[in-house]
Amino acid sequence: MSTDAPRLRPPHHRVDRRAILWWATRSLAVTVVLTAVLVVPAIIWEPPRTWFLLSAAAVGGIGLLITFLMPQWRYRVHRWEVTDTAVYTSSGWIWQEWRVAPMSRIQTVDTARGPLQRMFGLSSITVTTASAAGPIEIAGLDHAQATEVAQRLTETTQATPGDAT
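Residues numbered from 1 in each chain as written. Predicted model: local features only at pLDDT ≥ 70, side-chain atom pairs only at ≥ 80, totals over all residues. Heavy atoms only, no water.

Caption draft 1: Summary view of the sheet that holds strand β5 (residues 106–112). The 3 strands are arranged β5-β6-β7 in an open sheet whose pairing can be described as antiparallel. Two strands close off the open sheet at either side, each with one partner strand: β5 and β7 (136–142). Taking the axes of each pair of neighbouring strands and ignoring which way they run, one obtains an average angle of 20° across the sheet. Looking at chain direction, β5 and strand β6 (residues 122–129) are connected through 6 bridges and run antiparallel. The partner of Asp 110 across the bridge, within β6, is Thr 126. Contacting β6 and β7, helix α1 (residues 19–44) runs over the sheet at an angle of about 110° to β7. The sheet contacts of helix α4 (residues 143–159) involve β5, β6 and β7, and relative to β6 the element is tilted by about 20°. (Pairing = 2+ DSSP bridges. Helix = DSSP H or I, 4+ residues; strand = E, 2+ residues; numbered from the N terminus. Axes fitted to C-alpha atoms, helices over the stretch in contact; angles between N-to-C directions. Contact = heavy atoms within 4.5 Å.)

Written out as structure tokens, the structure is:
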């Protein structure tokens, strides 16, 4: 085994702090929609009104709790790093995952910006590898930084020997 092979270790960089607001906004939107789906029938139908309103209160309360806690926790956990030999990520909030992708295994590098990400000036990078575990995503990066990282990854993987399989 080579001594310079990438090893699973915690990555160094945090995602952008604006990711907290992005995650909170996404969670709040889901909470509002799910709560509204239960409130509308409560307005329309008299007999099951109490059950719909109790369900809406439970969904809304749990959703608000998640909206408040989850983004802070994810920000503490989500980390990333790109070296000359590998991409390292740490992600999740309930189920946490550390991943390492050697440069020689990278097949594609993509960036994405949904409407909410654009609103907060953020982007995500998806690194597709030959791994059965699927692609690695670095979500919540500043858009300019994501562009630079994607460019660096593209240049590094093109210069790295191997067939990415």
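Having seen the model, we can carry on.
Caption draft 2: The arrangement of the packing of aromatic side chains in detail. Scanning all chains against the criterion turns up 2 aromatic pairs. Across from the ring centre of Trp 22, 4.8 Å away, lies the NZ or CZ of Arg 26, which sits over that ring. (Phe/Tyr/Trp six-rings, centres within 6.5 Å; stacked < 30°, edge-to-face > 60°. Lys NZ or Arg CZ within 6 Å of the ring centre and 35° of its normal.)

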